[in-house]
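Examining the three-dimensional arrangement
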Amino acid sequence: MPVIRIFKLLPRGHQIAIGALSTAMALLAMAPTESALASRDQAERPVTQARQPLPLEVEDRPLADDSLHARELVVRISAGDTLSSIFARNGLSSSLLHDISQLGADAEQLKKIHPGERLTFFLDKRGQFKALSYPLDAARTLEIRQTGDSLHSRIISAELEHRTQYAQAEVNSNFWNAGIGAGLNPGQILSLAAMFAWDLDFALDIRAGDRFAVLYEQRYKDGIHVDTGDILAAEFINQGKVYRAVRHDDGNYYSPEGRAMRKSFLRAPVNFSHISSNFNPRRLHPVTGQIKAHRGIDYAARTGTPVVAAGSGVVVESGYNQFNGNYVVIRHDGTYLTKYLHLHQRMVKKGERVQQEQQIGTVGATGRVTGPHLHYEFLVNGVHQDPKTVKLPQAAILSRTELARFKPRAEQLLTQLDRVSEVMLARQ
Ligand SMILES: [Zn+2]
């Protein structure tokens, strides 16, 4: 268990008493104060009426001196509330709000209040402001405190307990469903695809029978799950071929040998989650219905779907003609060229430098087509190649010192992944 310091609970006070005191103050001291309209992460924030332990550190004890007399005022934010209205309604002065607004970056968080969130004010026995706490998320709380004549703000982070979780599945209908079936959330499914996006075309190359296994982090506070952390290691078996990746402490993913998963080219310039035909082994042309016989790869997707640069480079053409419709051509270096046709919208100009994964346009149905799709071509030294099978330059490997730190951790995680995989498979 993590060591979480809990501030001594204050006696049940007159939570509502103060609210009745004032109606007079309506000065907008903290402009621009956002009106609280949208609700943020409400599902993940259990609403509880119970007194919450304060995430204040013990040694500071802002209220300990006269805690017996102090009052705690809990304000639940409603739709339409602003800080000004909350302060006014609860008898807190507009000059206090003004002073808080001058505290800087941390206090700026108060401009983002949302309905359902909670502000807790601590007042002394005379009803004077002592402190304010505002939970930013499950692990962080903004605290504003009066010490003598001055106000201070800071963000307090609770220590979270990390637990490693395991998920695995075999793909039956499509990758997305398999991910959900394995208990992954949508963000994790996208992350998993993003980890392998340089090796695998998730839009077109995933097949029934593919398998994946994932180790990821779950974070807990006081034994209660608060959020899901990063994927630590993953394995994807696509059409019999095994791909593995491990997260390094630089936040990037590497192969077990320490080569970056990120490479010069993405396998697909559109995200798989937008592609309508996840399983189409014969890969029919989305327009003609013929098995592909032309020199590109077609991704059938709704008009407006983002198209990204498969690699970094310079836009050498961005234009329109009656066959290609709106099209963009990117030169990546002396060797590689990629083409993107039938775009609805072009978002780059000729001569512009683009980064890998930068959006260059949207899928459309311009030119000689009958339905929206992206036609993607990959040329090596002027010759059309299948981007999935062409030999591409190897990714960079970690430096020797980095590798020395990466390897033992990677081995440990992959062993763990293997072990749980075996247990799970044996159970099936
Ligand atoms: Zn095509």
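Nothing here was measured: the structure is a model prediction, and the numbers come from that model. (Residues numbered from 1 in each chain as written. Predicted model: local features only at pLDDT ≥ 70, side-chain atom pairs only at ≥ 80, totals over all residues. Heavy atoms only, no water.)

The side chains of a regular strand alternate, first on one face of the sheet and then on the other. Sheet analysis places strand β8 (residues 224–238) next to strand β9 (residues 241–247), joined by six bridges and oriented antiparallel. Opposite Glu235, over in β9, you have Arg244 as the bridge partner. Hairpin remark: β8 followed by β9, antiparallel, with two residues in the connecting loop; positive phi at Gln239, about 50°. Pairing analysis gives two bridges linking β9 to strand β10 (residues 253–254), with the strands arranged antiparallel. If you follow Val246 over to β10, its bridge partner there is Tyr254. (Pairing = 2+ DSSP bridges. Helix = DSSP H or I, 4+ residues; strand = E, 2+ residues; numbered from the N terminus.)

Its location among the elements puts Ser78 in the loop between β1 (71–76) and α2 (83–89). It is 8.2 Å that separates the C-alpha atoms of Ser78 and Glu117, two residues lying 39 residues apart in sequence.

What follows covers the environment of Ser93. With respect to the secondary-structure elements, Ser93 resides in the loop between α2 and α3 (94–101). The sequence separation of Ser93 and Phe129 amounts to 36 residues, and the corresponding C-alpha distance is 9.3 Å. There is a polar contact of 3.1 Å between the side chain of Ser93 and the side chain of Ser95. Within polar-contact distance, the side chain of Ser93 engages the backbone nitrogen of Leu96 at 3.1 Å. (Polar contact = N/O pair within 3.5 Å; in protein donor to acceptor, adjacent residues only side chain to side chain.)

Below, the discussion takes up the nonpolar core. The biggest cluster of nonpolar side chains holds 53 residues, and the ones touching the most others in it are Phe175, Leu192, Phe196, Phe212, Tyr299 and Tyr340. Formed jointly, this core draws a minimum of three residues from each of two domains, domain 2 (160–263 + 397–428) and domain 3 (266–393). Each residue touching Leu192, except ones within four places of it in the same chain, is listed here: Phe175, Leu184, Phe202, Phe212, Val214, Ile231 and Ala234. Grouped together as the second largest cluster of nonpolar side chains are 23 residues, Leu73, Leu83, Leu92 and Ala107 included. (Core = buried A, V, L, I, M, F, W, Y, C linked by side-chain atoms within 4.5 Å. Buried < 20%, exposed > 50% of the residue type's maximum accessible area, 1.4 Å probe, protein only. Domains from an automatic or database assignment. Contact = heavy atoms within 4.5 Å.)

Once that is clear, we can look at the sheet that holds strand β7 (residues 211–221). Here five strands make up an open sheet; going across it, the order is β6-β7-β8-β9-β10 and the pairing antiparallel. In the strand order of this sheet, the two ends are held by β6 (161–170) and β10, each with one partner. One ladder, built from 10 bridges, connects β6 with β7; its direction is antiparallel. If you follow Gln168 over to β7, its bridge partner there is Ala213. The strands touched by helix α6 (residues 186–195) are β7, β8, β9 and β10; relative to β8, the strand with the most contacts, the crossing angle is about 35°. (Axes fitted to C-alpha atoms, helices over the stretch in contact; angles between N-to-C directions.)

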